[in-house]
Amino acid sequence: MWYDNSWYKGFDTEASLAAIKVPAVLIHTNYWYNHYGSYYDENGVLMAAMDDQDVAKVKSLLKGVEVVEVDSGHLVHFEKPDEYTKVLLDFASKVK
């Protein structure tokens, strides 16, 4: 269900993002892009949670979102815990 996105059936991502009215931070990991020059593999499979077009879409729907790029794989909190924590603490200090 996850691979073919059927688990996503009936969920309106755009409406959900547009409904958020509180400050938000998006940590966009870009390991695959930085190391292979694309978010996709040779078969056209997305090798990340989001590509740059997805990030642009989030920015258009979630007004004022802070986007932070991190050179990490999907598990940024595990792969780069210090950087992840810094992003969250920096963001939290701005929205108190």
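As a reminder, the structure under discussion sits directly above these lines.
Note that this is a predicted model, so its numbers are computed, not measured.

Got a minute to help me understand the overall build of the protein in this structure?
Of the regular secondary structure elements, the protein holds five helices and two strands. Dimensions of the protein, computed from the C-alpha atoms along their principal axes, are close to 45 × 35 × 20 Å. Counting across all 96 residues of the protein, residues that qualify as buried make up 24%. Residue pairs at least 24 apart in sequence account for 59% of intrachain contacts in the protein once pairs closer than 6 positions are excluded. Carbon together with sulfur atoms contributes 58% to the accessible area of the protein, which is approximately 7100 Å² in total. Seen as two clouds, the 9 positive and the 15 negative side-chain charges of the protein have centres 11 Å apart.

Would you explain the nonpolar core in this entry?
Side chains of nonpolar character tend, in soluble globular proteins, to be buried together. Listed in full, the nine residues of the largest apolar core are Leu17, Ala24, Leu26, Met50, Val55, Val58, Leu61, Leu62 and Val65. The dominant element in this core, judged by the number of residues it contributes, is helix 3 (residues 52-61), at three residues.

Sorry if this is basic, but what is going on with the packing of aromatic side chains here?
The way to describe two aromatic rings as a pair is by their centre distance and the angle between their planes. In this structure the tally under the stated criterion is two aromatic pairs. For the ring pair tyrosine 33 and tyrosine 39, a centre distance of 4.8 Å and an interplane angle of 25° mean the geometry is stacked. The class of tyrosine 33 is partly exposed, set by a relative accessible area of 37%. A relative accessible area of 7% places tyrosine 39 in the buried class.

Is there a simple way to think about the environment of serine 6 in this case?
Tracing the backbone through its elements, the reader meets serine 6 in the segment before helix 1 (13-18). For serine 6, a relative accessible area of 31% puts it in the partly exposed group. Along the backbone, serine 6 and lysine 57 are 51 residues apart, and their C-alpha atoms lie at a distance of 21 Å.

Explain the environment of aspartate 52 here, please?
You can see aspartate 52 is positioned in helix 3. The spacing of aspartate 52 and tyrosine 33 is 19 residues in sequence and 9.5 Å in space, taken between C-alpha atoms.

Quick notes on the rules
- Residues numbered from 1 in each chain as written.
- Predicted model: local features only at pLDDT ≥ 70, side-chain atom pairs only at ≥ 80, totals over all residues.
- Heavy atoms only, no water.
- Helix = DSSP H or I, 4+ residues; strand = E, 2+ residues; numbered from the N terminus.
- Buried < 20%, exposed > 50% of the residue type's maximum accessible area, 1.4 Å probe, protein only.
- Contact = heavy atoms within 4.5 Å.
- Areas by Shrake-Rupley, 256 points an atom, 1.4 Å probe, with all protein chains shown as cover.
- Lys, Arg positive; Asp, Glu negative; His and termini not counted.
- Charge placed at Lys NZ, Arg CZ, Asp CG, Glu CD.
- Core = buried A, V, L, I, M, F, W, Y, C linked by side-chain atoms within 4.5 Å.
- Phe/Tyr/Trp six-rings, centres within 6.5 Å; stacked < 30°, edge-to-face > 60°.

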